[in-house]
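# Results of the structural survey
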Amino acid sequence: MILLRGHHLFCLLGFRGMGYSKEYVDNMKQLHKTLRENPDSAVKIILGPDELCAHYPNSGEYHCQAEEIYERDAAILQKLQLNVGQQTTWREIETAIKNYSKPDDIATICETCSWRTYGVCEEGIREMHEGKGLRVVK
């Protein structure tokens, strides 16, 4: 079972192979590929640091425990009508993204995210609405 926190549900949509470190990118790429190729993979929504946070580099501030990150997690889960502790599949998360979110949500929910300016998360939500699923990342 894959353990994910709320805001990473949107981060996975925007992932294009960039990240905080090589280790982080390699881990994200593998998890992303697993979900793309096996959308029925079991996912448990958790509170706090998850399998992606586990590979966040030790340099600088560990933002995975920051209050604003927990607030972003909660806002995204509320938007998608998902709950901490819920066990689901990536396919069901994609359905929730299609049903309850829109690209414009990134501008408000993820306003302070340093990755927001790339526009890839909005693009990822648009692609979900178009039925494309997660894109291939090389």
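The protein chain is annotated in an unreviewed UniProt entry as DUF1284 domain-containing protein of Fictibacillus macauensis ZFHKF-1.

Let us look at the nonpolar core. Counting 33 residues, the largest nonpolar core has Leu 4, Leu 9, Phe 10, Leu 35 and Trp 90 as the members making the most contacts within it. For this core, the secondary-structure elements that each account for two or more residues are β1 (2-4), α1 (8-14), α2 (22-37), β2 (42-45), α3 (67-80), α4 (90-100), α5 (105-109) and α6 (120-129). At five residues, the largest contribution of residues to this core is made by α2. Residues in contact with Phe 10, not counting those within four places in the same chain, are Ile 76, Leu 80, Ile 97, Ser 101, Ile 106, Cys 110, Cys 121 and Ile 125.

This next bit is on α4. Within the span of α4, buried status applies to Trp 90, Ile 93, Glu 94, Ala 96 and Ile 97. Seen along its axis, α4 keeps its buried residues to an arc of 160 degrees; they face one direction.

On to the sheet that holds strand β3 (residues 87-89). Taken together, the three strands give an open sheet; going across it, the order is β1-β2-β3, and neighbouring strands pair in mixed fashion. Single-partner strands in this sheet number two, and they are β1 and β3. Across the sheet, the mean angle from the axis of one strand to that of its neighbour is 35 degrees, orientation sign disregarded. One ladder, built from three bridges, connects β2 with β3; its direction is antiparallel. Its bridge partner lying in β3, Val 43 is registered against Thr 88. Along the sheet, α4 contacts β1, β2 and β3; its crossing angle with β3, the most-contacted strand, is approximately 85 degrees.

Cut-offs applied
Residues numbered from 1 in each chain as written. Predicted model: local features only at pLDDT ≥ 70, side-chain atom pairs only at ≥ 80, totals over all residues. Heavy atoms only, no water. Core = buried A, V, L, I, M, F, W, Y, C linked by side-chain atoms within 4.5 Å. Buried < 20%, exposed > 50% of the residue type's maximum accessible area, 1.4 Å probe, protein only. Helix = DSSP H or I, 4+ residues; strand = E, 2+ residues; numbered from the N terminus. Contact = heavy atoms within 4.5 Å. Arc of directions from axis to C-beta. Pairing = 2+ DSSP bridges. Axes fitted to C-alpha atoms, helices over the stretch in contact; angles between N-to-C directions.

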